[in-house]
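One letter stands for each residue in the lines below.
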Amino acid sequence: MAKQPKPEELAKVDYTPPMTAWMDTPAVLKPGNFCNAAKEKSLQLLDMPNPRTWSAKDDDWKLPDNWKEIVLEGLRERLDKYRSLRVFMDICVRCGACADKCHFFIGTGDPKNMPVLRAELLRSIYRKEFTTAGKILGRFAGAREMSLDVLKEWWYYFFQCTECRRCSVFCPYGIDQAEITMVGRELLNLLGLNIDWIMGPASACYHKGNHLGLEPHTFKSSIEFFLDDIEEITGIRPEPTFNRKGAEILFVTPSGDVFADPGTYTCMGYLLLFHELGLDYTWSTYASEGGNFGFFTSMDVAQKLNYKIYAEAKRLGVKWILGGECGHMWRVLNQYMDTWNGPADFLEVPTSPITGTRFDAAKSTKMIHIAEFTADLMRHGKLKLDPSRNDNKILTWHDSCNTARGMGFFEEPRYVLKKVVNNFYEMPENTIREKTFCCGSGSGLNASENMDIRLKGGLPRANAVKYVNEKFGVNFVGNICAIDRAALTTSIDYWAPGVRVTGLHELVGNALVMEGEKKRTSDLRGEPLPGCEAEE
Amino acid sequence: MGAIMSFVGVLALVLIAILGAKANLHLVFGVLFPYAAVLTLLIGLTVRVVRWAKSPVPFRIPTTCGQQKSLPWIKHSRIENPTTIWGVLVRMFFEVFLFRSLFRNTKIEMHKGPHLAQGSSKWLWMAGLAFHWSFLIILIRHLRFFTEEVPFAVSVTEYLDSFLQIGVPLLYMTDLVILGAITFLYFRRVIIPQVSYISLPADYFPLVLIFSIAGSGVLMRYFTKTHIVGVKAYTMSLVSLRPMMSMPEGVGTIFWVHLFLVCVLFVYFPWSKLVHMAGVFMSPTRNMANNSRIVRHVNPWQTKYKGRTYVDYENDFREKMISVGVPVEKQESESAEPAAEKE
């Protein structure tokens, strides 16, 4: 990978549009701005069309001869399947309100990263093929012919959209670029044009149960590995179970929590909490993934990957399902899972065995978010907490795109964090809650070969972090998303060095005063607790 | 480019209308065109809406802009994140009548540092709202030409619109506001580089067209003082389906222009972006309740998936599972099924 320029350099964004009209400006695929092509084997595992070895850098993408026909037929099919697509193709007035709401546009100044223009990339073809005005008036009506250049442009820009839906909040018609990107990616997938960073995890998840491709024994040992650390820190050794039939609750979290720092500390937080509660729960090695990279591929693949959660809950005979901290996972669980793979009529409405609270807001899906679960525990005073253990942390909170705009999950995590952290400052109003900025690497774009675009896209979020860092001395960003935990670490390290990233239940795990624990001197990262620094 | 072409286009339309008036082609311009235009608008818009409606809404995908309904002690944002039809209706009301989403508009500025500043930016919202409301009020005022007795609501609208009590005939505020708002929207499109870059001829044309319609109306009302009784006699003849065979005396050429441009707008409407008027009601991110965890949303074309089952999985990994004590369904791997890769 090329050496990254200095932040001051990368932030010099030129917002002047090119001299040539966008239809006359073919996309130039700049290294650092796109991902490696998906591997043949991943596509085969998932039964996807046109598996082959190819590279976006080559002129020849080895497309099937009838590629144009496939794409247009695919578009026709989707226009008949999705009202969102049909309506969004017709009603945009190009007011431009969405333009500077996209983190990729803000970070690159590339007009094709304005949601409106990203949509026009597809809309122009729609007009040419499916509307009378477009057929007759052509370019006057904003229509253009499908061509190889257009296809490459689609690939380049639909994999420069993180499906964060921020544009949709500001659009006067609610036009959601995520819907258009999703369809655009589905069409590309018909030609086998996906990226390795998505198809690798998706196929691993299909075959082995999780994105990281951890086989059952490895998945188990990864979690057991935390137990040693936990024991060292707290003197307590939780005893998680795996694939245990008859447990009350199935717990599903993104596999990133099991594998990559700082998600692992959040995972330790879960383990501590469940142990302290004596929760009758089980992990599953088969349904060992909460996230869903199929969602960044096609509805079909997403449904396949999601299938395991209900199937496993049924097989194990649990009563309900508890889900860990993840962003797009929760959009999927809220807006798609029940439709794809429900009804979950073999489960019961989630009821906290500790407080007796029945979670009627998840009456049909039978699956609740761990932040809801923990907030309820705290509300009932069921947890003994010592927030001063987090006193060396000055926290700000990053709302993750999907939980924010695909669910509305704002107060639950804030309630929890205020119970476990004493120093908390919000970022500026226009950058939080439904207006939150993407980490810049969502929807499967957190690869390393596209670091340039990730950092540019990460700028708006990181810049707001930098603001509270300078103003209030904030040194930690909390969030409930596995991709955030991985991606923000990189982007914030670059734009706002000195600020670190944490999950919510890492903070809970630190503050939780457990029965029979030894006097803690270090937090879950093995770093000294406030007041214990000298002892080190 | 489109900015200038739209002028040329509308100018050509004006010329056509003037030629029509000079040649006194009343049957074409005064009878055939108006009826054809109204029919095109109604049929075209219906076709468009039916086509939208025919595509199902497979998933429940509202964009949530407030706190979800969850635990009873957490304040639920009933409008920005509705779970009921009532919440959706209120949300849609704010969206359609007050442009709620556009009201959120912000503007970014990149300063040295880098420091990214974001401020509120309400100009587009204000101009958009001023334009659309003026248009609606003017439309309501025009009902006086299509009803024998002027409905009370129309009189009230006229009264309120002219409450400044300036001039004879009384000045309608909306006449000024609509011209001002369109001018703003037009120049905004020309001047802001990004907006200019995305603008199609189809974005300028309706602005120029509607400006010309409003402008010709203003000319008739305040300057040339068109023979209004004659106009009403003509419009009522259209409504009663017994159209006059010639334009009444004293109606004048500008009326021909006004009428023809309105016909063009009606015909143009269903094939253009102007269908956003109907489309805004059908946008799934706004008109759906966020209740998919509470009630199952059914997708009419959903197929049940059966593929990578637990059995397949265990067949692939049984020994590894047994080796670390993960419970399995079958103890030994006697099955030689070709598991993993389905088919």
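Residues numbered from 1 in each chain as written. Chains lettered and ligands numbered in written order. Predicted model: local features only at pLDDT ≥ 70, side-chain atom pairs only at ≥ 80, totals over all residues. Heavy atoms only, no water.

**A short note on a positive patch on the surface**
- Taken together, the side chains of A:K363, B:K69, B:K75 and B:R78 define a basic patch exposed on the protein surface.
- Its location among the elements puts B:K75 in the loop between α2 (26–54) and α3 (85–98). (Patch = residues over 30% accessible without salt bridge, like charges linked within 9 Å, V, L, I, M, F, W, Y side chains within 5 Å. Areas by Shrake-Rupley, 256 points an atom, 1.4 Å probe, with all protein chains shown as cover. Salt bridge = Lys/Arg side-chain N within 4 Å of Asp/Glu carboxyl O. Lys, Arg positive; Asp, Glu negative; His and termini not counted. Charge placed at Lys NZ, Arg CZ, Asp CG, Glu CD. Helix = DSSP H or I, 4+ residues; strand = E, 2+ residues; numbered from the N terminus.)

**Focus: the nonpolar core**
- Counting residues in each nonpolar core, the largest one holds 256 residues, and the members touching the most others are A:L122, A:L151, A:W154, A:W155, A:W283 and A:L322.
- Setting aside chain neighbours within four positions, we find A:L151 in contact with A:L63, A:W67, A:V71, A:M146, A:L188, A:L191 and A:L193. (Core = buried A, V, L, I, M, F, W, Y, C linked by side-chain atoms within 4.5 Å. Buried < 20%, exposed > 50% of the residue type's maximum accessible area, 1.4 Å probe, protein only. Contact = heavy atoms within 4.5 Å.)

**Notes on the packing of helix α3 (residues 67–81) of chain A against helix α10 (residues 177–190) of chain A**
Residue and element names in this part refer to chain A.
- One can describe the packing of α3 onto α10 by two numbers: an axis separation of 9 Å at closest approach and a directional angle of 140°. On the basis of the axis angle, α3 is oblique to α10. In the crossing of α3 with α10, the sense of the turn from one axis to the other is right-handed. Residue-level contacts link I70, V71, G74, L75 and R78 of α3 to V183, E186, L187 and L190 of α10.
- For the contact of α3 with α10, a count of residues per class yields six nonpolar, one polar and two charged. (Axes fitted to C-alpha atoms, helices over the stretch in contact; angles between N-to-C directions. Parallel < 35°, antiparallel > 145°, perpendicular 65-115°, else oblique. Left-handed = near helix turned anticlockwise from the far one by under 90°. Nonpolar A, V, L, I, M, F, W, Y, C, P; charged D, E, K, R; others polar.)

**Some thoughts on the domain arrangement of chain A**
Residue and element names in this part refer to chain A.
- According to the domain assignment, chain A consists of domain 1 (13–30 + 49–193) and domain 2 (202–535).
- Averaged C-alpha coordinates put domain 1 and domain 2 at centres separated by 33 Å.
- Domain 1 puts 23 residues into the contact, and the matching count from domain 2 is 27 residues.
- With both chains or domains summed, domain 1 and domain 2 bury close to 2,100 Å², and 62% of this area falls on carbon and sulfur atoms.
- On the domain 1 side of the contact with domain 2, H103, R165 and R166 bury the most area, a combined 26% of that side's loss.
- Across the domain 1-domain 2 interface, the total number found is zero salt bridges.
- Joining domain 1 to domain 2, the criterion identifies ten residue pairs in polar contact (both at pLDDT 80 or more). (Domains from an automatic or database assignment. Buried area = accessible area lost by both parts, 1.4 Å probe. Polar contact = N/O pair within 3.5 Å; in protein donor to acceptor, adjacent residues only side chain to side chain.)

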